[in-house]
Amino acid sequence: MPKQQIDKKYLREFFKLGEGESAERELVRIAKGLERLQFENGQDICTIDDEPDGMYFLESGTAAVLNREGTQINLMRDGQYFGEYAVLAQSRRLSTVRSVGRTVVYRMRNEELLRTLQRHPDVYGELIKRVYSQVSNKHAQLNLLTSMRRGILQVPGQETPMSPKQMLLNYGAVALIFLLAVLLAPKQSAVPVFIIPMVFMLAYVLHSRRTLGSLIVSGMLAALLALNSGLCAGYTDALLATMSAPDNAFTVLVMALMGSVVTLIEASGAVTAFKKRMAETVHDRTHVRLAAVGILALTAIDDCLNMLCASASLRTVSKEQRVPREEMALLLSLLPTVLCSFLPFSLWGIFVISNLNAATSGQGVALFVKSILYNFFSLATVAAMLAFCFGKLPLTRVLREAQQRVENGGKLWPAGSERYLPHDDGEIWGRLRNLLLPVLALGVASVTLRSLRSGSVVLDSACGLVATLVFMFFLYCAQGLMSPETFLEHMVSGMQSMLLPIILYLLTMCFSTLLEQEAMGSFFDSVVSFMAPVAPFVPALLFLLFTLLTMALGSSWAMYVIGFPVALHIARRAGLDLPLCFGAVCASGIAGEKLCVFTGDSLSVGTAIGCAPRTVLSVRLSYAIPISVASLLLYTVAGFMTRS
């Protein structure tokens, strides 16, 4: 990308100067008001809480924007500007801007900036609008988008403390259930005791909407029934056994490393890597829709990352092409996880393969690849969204009203979206190579590094992630995007961002293992004998059952740990096709999340694109429901075809 110099052409465009003698005199006057400054690596150009000393234009180099905790929240390069907020708002600096490598900036001091803006009220108006937009939207939205928790149920109002009476009623009832279960549950191993903690977990999560809490108390109950070694001691032993299992240790490592890769990509500014390319190539609404699908697919190593990349990169062109926000809500709320479900080295794929490995003793990769053809919900969603992009999909009432509103000259967003409107401050722009090269490196390294040593095809995502991080270190540090110390800080921050999903994974694996010890296998032996007449319907029943379970849990991550062992037992004992049954479970997790009405997905997408979350939910459900029904029918047909 060519270097953007702070020259006469830049100043003429920034201050909207025309041609002529008066414009030339004004240009000279503005240029005289600029002071050239140079900063070395690690020097602060301006510091948080300092009094403003002017507005800065970045001539060359890279500058990192840090919040009060020292976390990088932005990255700026040549041609960008900063510091106008504190001057115009007459407040102290809200962030620190630090030089990464050597940077050259031009500073226009407070008095000179205000005098210049008085002569150019149109520029002053735009900057003021930008300042107040920052105050009302930017920081709240940034906090929302950076706090998305992968695989964790988010329900508004869960932070409210319980009163002593509520604590007594809630956990007193739990203690009573524990006592009754221990006293009344039969001790014979052939009796399906696992049903008690499973039903308890479902009831508890439906009542509390707390996935983690329900897994903990249900796991304690399962340990109490399975191990007979006391409440805390039994559960501690079960957790230690889960954490020491090689497959689980591998999954924890991979999830932590994936968190580092995603965080580093975001910190490099590559989230908006497609932004300028889109401005050059996108010329109508169809192109905007197809570009959204393309960006989501190219960045499908993580469903949070690809949603952020698409929303940030298409924000300007979708506005220019008058694309209703409801259309972007449909694509960005349905496709991110769906596209990740086709990649074995995406975070979603890694999690599912790890669960398959645990259920099938190491056959996870092969079964995952085979099950992709039977992930009917994902396949149908991609087909439907491509049809939508080309205008071949029937529109729901919400989308028809949105298109009519925009065609009549109305706003791009529906009523009630004002507080969610994104603030496109133009400060972040990224290079495509900083996004695409790490994704390519991850795919290639995951497949080749172990394969070259073993002589056969081996997918090792942990080895691929380590190699990718090494590659990213040299790629980013050599460009001056970050220092080695900053790189390591982002690595650690990324691992921290995966702490909750890792805990969720370990808790669910522990719970699943305990259920296996409570006569689950013998139970399915007896159940399958009664299912022979309806065996062709089993894949459809699995899809329906686990879709409903995911909707109840609010998280597919918790469901998969239960779903895959159940599907394995039923498929093997009923003589059903394993990839078909596993494909049904994979699809049910995605369908359940898209049909669930109380997760934080609508808020995340709405905040990213500037649309009321209730509208995002309405648009998503209007297509997720018929796609789920179609998938159910496809599993019924596939059940009969594979049986024959």
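Before any of the text, the structure's been laid out above.
This is a predicted model, so every value here is computed, not measured.

**Quick notes on the overall build of the protein**
Right, on to step 1. Scanning the protein from terminus to terminus reveals 29 helices and six strands.
Right, on to step 2. Across the 644 residues of the protein, 56% fall into the buried class.
Right, on to step 3. Taking the contacts inside the protein whose residues are at least 6 apart along the sequence as the reference set, 80% of them involve residues at least 24 apart.
Right, on to step 4. Summed over its atoms, the accessible surface of the protein is roughly 27500 Å², and 62% of this surface lies on carbon and sulfur atoms.

**Regarding a nonpolar patch on the surface**
Right, on to step 1. A grouping of L176, L179, L180, L183 and L184 is seen on the molecular surface, where their side chains present a nonpolar patch of about 530 Å² in accessible area.
Right, on to step 2. L184 sits in the exposed class, given a relative accessible area of 67%.

**Concerning the packing of helix α7 (residues 195-208) against helix α25 (residues 538-553)**
Right, on to step 1. The interhelical angle for the contact between α7 and α25, taken along N-to-C directions, is 45°, at an axis separation of 8 Å. When the interaxial angle is binned, α7 and α25 end up oblique. For the pair α7 and α25, contact is made by M201, L202, V205 and L206 and by L549, A552 and L553, respectively.
Right, on to step 2. The class makeup of the residues in the contact of α7 with α25 is seven nonpolar, no polar and no charged.

**Some points on the packing of helix α2 (residues 21-32) against helix α4 (residues 110-119)**
Right, on to step 1. At their nearest, the axes of α2 and α4 sit 11 Å apart, and the two run at 160° to each other. Compared by their axis directions, α2 and α4 come out roughly antiparallel. Remark: the crossing between α2 and α4 carries left-handed chirality. For the pair α2 and α4, the contacting residues are E26, R29 and I30 in the first and E112, T116 and R119 in the second.
Right, on to step 2. For the contact of α2 with α4, the per-class residue count stands at one nonpolar, one polar and four charged.

**Comments concerning helix α15 (residues 325-340)**
The periodicity of an α-helix, 3.6 residues per turn, causes residues three or four places apart in sequence to face the same way.
Right, on to step 1. If you check α15, its first and last C-alpha atoms are 23 Å apart, about what 16 residues at 1.5 Å a residue would give, namely 22 Å.
Right, on to step 2. The sharpest bend along α15 comes to roughly 30°, located at L334, with the proline P336 sitting one to four residues further on.
Right, on to step 3. Counting buried residues in α15 gives 16 out of 16 residues, a clear majority hidden from the surface.

**Considering the side chain of N248**
Right, on to step 1. Following the sequence through the fold, N248 ends up in helix α10 (residues 246-267).
Right, on to step 2. Owing to a relative accessible area of 6%, N248 belongs among the buried residues under this scheme.
Right, on to step 3. Leave out the neighbours within four places in its chain, and N248 touches T242, Y505, L506 and M509.

**Focus: helix α17 (residues 364-371)**
Right, on to step 1. The set of residues buried in α17 consists of G364, L367, F368 and S371. The buried residues of α17 occupy an angular sector of 105° when the element is viewed end-on, so they sit on one face.
Right, on to step 2. Buried residues along α17 sit against α16 (347-360) and α27 (578-595).

What counts as what
Residues numbered from 1 in each chain as written. Predicted model: local features only at pLDDT ≥ 70, side-chain atom pairs only at ≥ 80, totals over all residues. Heavy atoms only, no water. Helix = DSSP H or I, 4+ residues; strand = E, 2+ residues; numbered from the N terminus. Buried < 20%, exposed > 50% of the residue type's maximum accessible area, 1.4 Å probe, protein only. Contact = heavy atoms within 4.5 Å. Areas by Shrake-Rupley, 256 points an atom, 1.4 Å probe, with all protein chains shown as cover. Patch = residues over 30% accessible without salt bridge, like charges linked within 9 Å, V, L, I, M, F, W, Y side chains within 5 Å. Salt bridge = Lys/Arg side-chain N within 4 Å of Asp/Glu carboxyl O. Axes fitted to C-alpha atoms, helices over the stretch in contact; angles between N-to-C directions. Parallel < 35°, antiparallel > 145°, perpendicular 65-115°, else oblique. Nonpolar A, V, L, I, M, F, W, Y, C, P; charged D, E, K, R; others polar. Left-handed = near helix turned anticlockwise from the far one by under 90°. Expected span 1.5 Å × (residues − 1). Bend = angle between axes of the 7 residues up to and from the residue. Arc of directions from axis to C-beta.

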